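Observations on chain architecture
Here are the chains, one letter per residue:
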Amino acid sequence: MELAPRVYINGKLYGKEEACISVYDHGLLYGDGVFEGIRAYKGKLFRCREHIDRLFASARAINLEIPMAKEELHAAIRHTLESNGLTDAYVRLIVTRGIGDLGLNPYECGRPQVIIITDSIALYPAEYYEKGLELVTVSTIRMPANALNPRIKSLNYLNNILAKMECIQAGAHEAVMLNKDGFVAECSGDNIFIVKDGRLATPPVDAGILEGITRQVVMELARGAGMEVSEKEMTPFDLYVADECFLTGTAAEIIPVVRIDRRDIGDGRPGPTTLKLLRMFRDHIAGAAE
Ligand code: PMP
């Protein structure tokens, strides 16, 4: 029997249709809040502690006090997953500033709202993993850290949405976003890696990126397998002349990139190192879920 979806809001579970937030919530009015996307594999949350730590760090950066302890939040996620009968799932964890008035002042808002939505995971089509993605560099630059630090996973994703629109208009799958200095930052919803002469490289956090948890896992796995991994500034030129390129993210895991700005990357097919890392990643998940 399929269970009706249940959404967690501030300690209670509601049916999907009944799960509501006030129109005066500053999360809606101003994108004032933070969030996380977490995967569960075979009923086990993957790197949940890291995601919760990043949520609390994002909240601290915008002076938002999450009205729950980390352990309580962890338990609430597990409870929501179980109540939905989900084992392989995507969890969206959201904390909004709460209900205020129409003014900007966040200190006028009431209690922050904690929301947990769980759903079956909408994977990228299998074809994308076999054939690889096509990217374009877009004109929308990644938000500079001194405007809104991309390390904050905030509810304000318009910067990324504008980039995504550009890439869709160009007929590509994902957008390469540069920073204000012209260096590669990340994609609209994923981190980016290249392989050159057997070495792995990815832009540093200082390039103005979200410090991806999948990015971290991939660096650990690669180093564990004896690969050289560096975090270094790169320009579109470095992408064009790379042997391989791939993206990382909670939903995407590791996904090959075969074309950028109409240039084939390597021989225009997913590369051996990318495929090896993808296998290692999936093995790691299978081990972590046991
Ligand atoms: N960059 C951005 C802008 C993202 O939104 C995400 C998450 N989808 C990532 C990178 C990847 O982060 P993670 O591996 O923690 O999901």
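Since we're looking at a predicted model, the values are computed, not measured.

1. Re the domain arrangement of the chain
For the chain, the domain assignment lists domain 1 (7-119) and domain 2 (126-288). The distance between the C-alpha centroids of domain 1 and domain 2 comes to 26 Å. Contact residues are listed per partner, giving 25 residues for domain 1 and 20 residues for domain 2. In total, domain 1 and domain 2 occlude about 1,800 Å² of area from one another, counting both sides; carbon and sulfur atoms represent 64% of this. At the boundary of domain 1 and domain 2, one finds two salt bridges. Put simply, R39 and E253 hold a salt bridge, and the shortest N to O gap is 3.5 Å. Secondary structure elements with two or more residues in the side of domain 1 that touches domain 2: α1 (26-30), β3 (33-41), α2 (48-61) and β5 (89-96). Here the side of domain 1 that touches domain 2 gets eight residues from one element, more than from any other, and that element is β3. Residues of the side of domain 1 that touches domain 2, tallied by class, amount to eleven nonpolar, seven polar and seven charged.

2. What about the packing of α2 against helix α3 (residues 70-83)?
Their axes nearest at 11 Å, the elements α2 and α3 cross at an angle of 125°. Accordingly, the angle class assigned to the pair α2 and α3 is oblique. Helix-helix and strand crossings are classified by hand; for α2 and α3 the assignment is right-handed. Contacts between α2 and α3 involve C48, R49, I52, D53, L55 and F56 on the former and, on the latter, K70, L73, H74 and I77. For the contact of α2 with α3, a count of residues per class yields six nonpolar, one polar and three charged.

Analysis parameters
Residues numbered from 1 in each chain as written. Predicted model: local features only at pLDDT ≥ 70, side-chain atom pairs only at ≥ 80, totals over all residues. Heavy atoms only, no water. Domains from an automatic or database assignment. Contact = heavy atoms within 4.5 Å. Buried area = accessible area lost by both parts, 1.4 Å probe. Salt bridge = Lys/Arg side-chain N within 4 Å of Asp/Glu carboxyl O. Helix = DSSP H or I, 4+ residues; strand = E, 2+ residues; numbered from the N terminus. Nonpolar A, V, L, I, M, F, W, Y, C, P; charged D, E, K, R; others polar. Axes fitted to C-alpha atoms, helices over the stretch in contact; angles between N-to-C directions. Parallel < 35°, antiparallel > 145°, perpendicular 65-115°, else oblique. Left-handed = near helix turned anticlockwise from the far one by under 90°.

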